[in-house]
Amino acid sequence: MGSNPVDGNGAYASEMQEALVFMDALRAAVPTEPDPRLRAELVPRLAGTARASMLEAETRSMRRGTAAVAATPRRPRSRRALVARVAIAIALIPLVFAGLAVAGVTVPSPARSAFDAVGITLPNQPRSESKQSSAEQGSQAPAQTGAPQGGAAQGGGATTETSATSKGNSKAAHEHARAQHEKAKGKALGHERGKAIGLNDATPPGHTGQTGPPAHSNAGGNGGGSSNSNSSSRAPKATHAPNGVAKGPTKTPPGHSK
Amino acid sequence: MSLERFTTLLEAARQGSEAAWQELYDGLAPVVLGYLRANNAPDPEDVLSEAFLQVARDISSFEGDEPGFRSWVFTIAHHRLIDARRHAARRLVELSPEPPEPSGHADDAADEALARIGLEEVHRVLALLSDDQRMVLLLRVLADMSIEDVAKAVGKRPGAVKALQRRGLAAVKRELARRRPKAQAPSKGGARGQ
């Protein structure tokens, strides 16, 4: 103590001779003894504070260590774990489709057919096209042989149906639409009052009261109703002249009475 | 104190040994309190307590030898002094009219110098210095801090600390020179008379 050179940092040497004595005097004059009561009170507090601080620092360092361990990069997962993950993901796909079906969503036909292949029928789905098509494939010949039962109209219908099936899923969609209509029946206001066309029990225009698929102008159908669309199955009306007989106008010429 | 002894003492203080804290307190508290008093700290013993409590709180993070520890404690005390001054800025602080009694911790050379100049004169000259000059001189002399450490403690550049020290010493010399003719005149006259 007292050996700090004060003259080495820019102070003039001549000044230092006088000032050095003062500095020595400072060392003796300035330090003052604190109150002994303060010492008796403060020292135990200092020890306690240091102990608590040390414990806190240790806890902090332990936490840091734990965090550091947690922050270390993970080992790359083993191949087995990866395969297991992929397998679980693949196994979840049918469950997802089944869940969608239960929720009332129409599952795409490939998925449906996949379920059908293993003998599971998904709920809330329109009649499976694959089922139908397989059934049709099985009974196509009898259906064709049975076509004459309905005459030309039935035969035309079967042909149309076959062509529709071959074109795509129009029939399935049609049946699905019917099913939706059945579901929706009575839900909307006014349906029971017969205001909505086609959704109540009233016969929609173009229908003859048959409980079958609605007649389409291009479907052949039964030829009933007031539709004027051309159809090969429709019976010729009396107003029409037989083919090849009436070359002239069929109407009564003016001046002729009936 | 040897480095090993100080390291052992420091570790014991960290673990909360009262004996270790007693030793550290006895070694540093008088000098720190003198520094606080000389810098007109409001309620210097209270500031001293706060400074030592902060030392106890932060001792787990200190690394260094004895001079480093001394410098660290003085830096904390200086910061607490600034805080105390800031808090007491609005109220009038009554300074003690008489200089406090020295603790008697100084060596023989210091005691001799004090006997030559006189306690009252030392405090009178100190009071004539500016706050910054007094802080720098006291930290340099009492805490044995280097220019760089003092600069860090008081928040100034080392060049500014050197300038403050030089001006402070010049002011001390001026005051001592002003006092000398009065004190030496009788002795000179006496010598002539002899």
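Numbering of residues begins from 1 in every chain and follows the order in which that chain's sequence is written. Ligands are numbered from 1 and chains lettered from A, in the order in which they are written. This being a predicted model, a pLDDT of at least 70 is required before a residue's local features are given, and a value of 80 or more before pairs of side-chain atoms are given or counted; all residues contribute to the totals for chains, interfaces and linings.

**Q** I'd like a rundown of the overall build of chain A, residues and numbers included.
**A** Secondary structure elements are taken from DSSP: a helix is a run of H or I of four residues or more, a strand is a run of E of two residues or more, and numbering for both begins at the N terminus. What chain A contains, in helices and strands, is seven helices and zero strands. Reading the helices (α) and strands (β) of chain A from amino to carboxyl end gives α-α-α-α-α-α-α. Any residue pair is listed as a contact if its two C-beta atoms, each placed from the backbone, are within 7 Å. Considering only intrachain contacts with a sequence separation of at least 6, the fraction spanning at least 24 residues in chain A is 28%.

**Q** I'd like to hear about the interface of chain B and chain A, residue by residue, with values.
**A** Tallying the contact residues gives 58 residues for chain B and 41 residues for chain A. Those elements that provide at least two residues to the side of chain B that touches chain A are α1 (3-14), α2 (18-38), α3 (44-58), α5 (108-117), α6 (119-128), α7 (131-142) and α9 (158-193) of chain B. Counting residues per element, the side of chain B that touches chain A draws most heavily on α2(B), which supplies 12 residues. In this classification, Asp, Glu, Lys and Arg are treated as charged, Ala, Val, Leu, Ile, Met, Phe, Trp, Tyr, Cys and Pro as nonpolar, and every other residue, Gly included, as polar. Residue composition of the side of chain B that touches chain A, by class: 33 nonpolar, 11 polar and 14 charged.

**Q** Mind laying out the packing of α1(B) against α2(B), listing which residues take part and the relevant values?
**A** Residue and element names in this part refer to chain B. Here an axis means a line fitted to C-alpha atoms, over the contact stretch when the element is a helix, while the angle between two N-to-C directions is reported on a 0 to 180 degree scale. Two numbers describe how α1 lies on α2: the axes approach to 7 Å, and their chain directions differ by 120°. On the basis of their axis angle, the class for α1 and α2 is oblique. In this structure, α1 crosses over α2, and the sense of that crossing is left-handed. From α1, Leu9, Ala12 and Ala13 reach across to α2, where they touch Ala20, Trp21, Glu23 and Leu24. When its residues are assigned to classes, the contact of α1 with α2 shows six nonpolar, no polar and one charged. These descriptions rest on fixed angle ranges, namely under 35 degrees for roughly parallel, over 145 for roughly antiparallel, 65 to 115 for roughly perpendicular, and the rest for oblique. Helix crossings fall into two classes, left-handed where the near helix is turned counterclockwise from the far one by less than a right angle and right-handed where it is turned clockwise.

**Q** Can you break down α5(B) residue by residue, with the values?
**A** Residue and element names in this part refer to chain B. Counting other C-beta atoms within 10 Å of each residue's C-beta, where C-beta atoms are placed from the backbone, gives the exposure class: buried for 20 or more, exposed for 12 or fewer, partly exposed between. Taken together, the buried positions of α5 are Ala110, Ala113, Leu114 and Ile117. Each buried residue of α5 sits inside an arc of 100° when the element is viewed along its axis, so together they form one side. Exposed residues lying more than 90 degrees from the buried face of α5 are Asp108 and Ala115. Gly118 sits one or two positions beyond α5 and adopts a positive phi of about 100°. The arc in question is traced by the directions running from the helix axis to the C-beta atoms.

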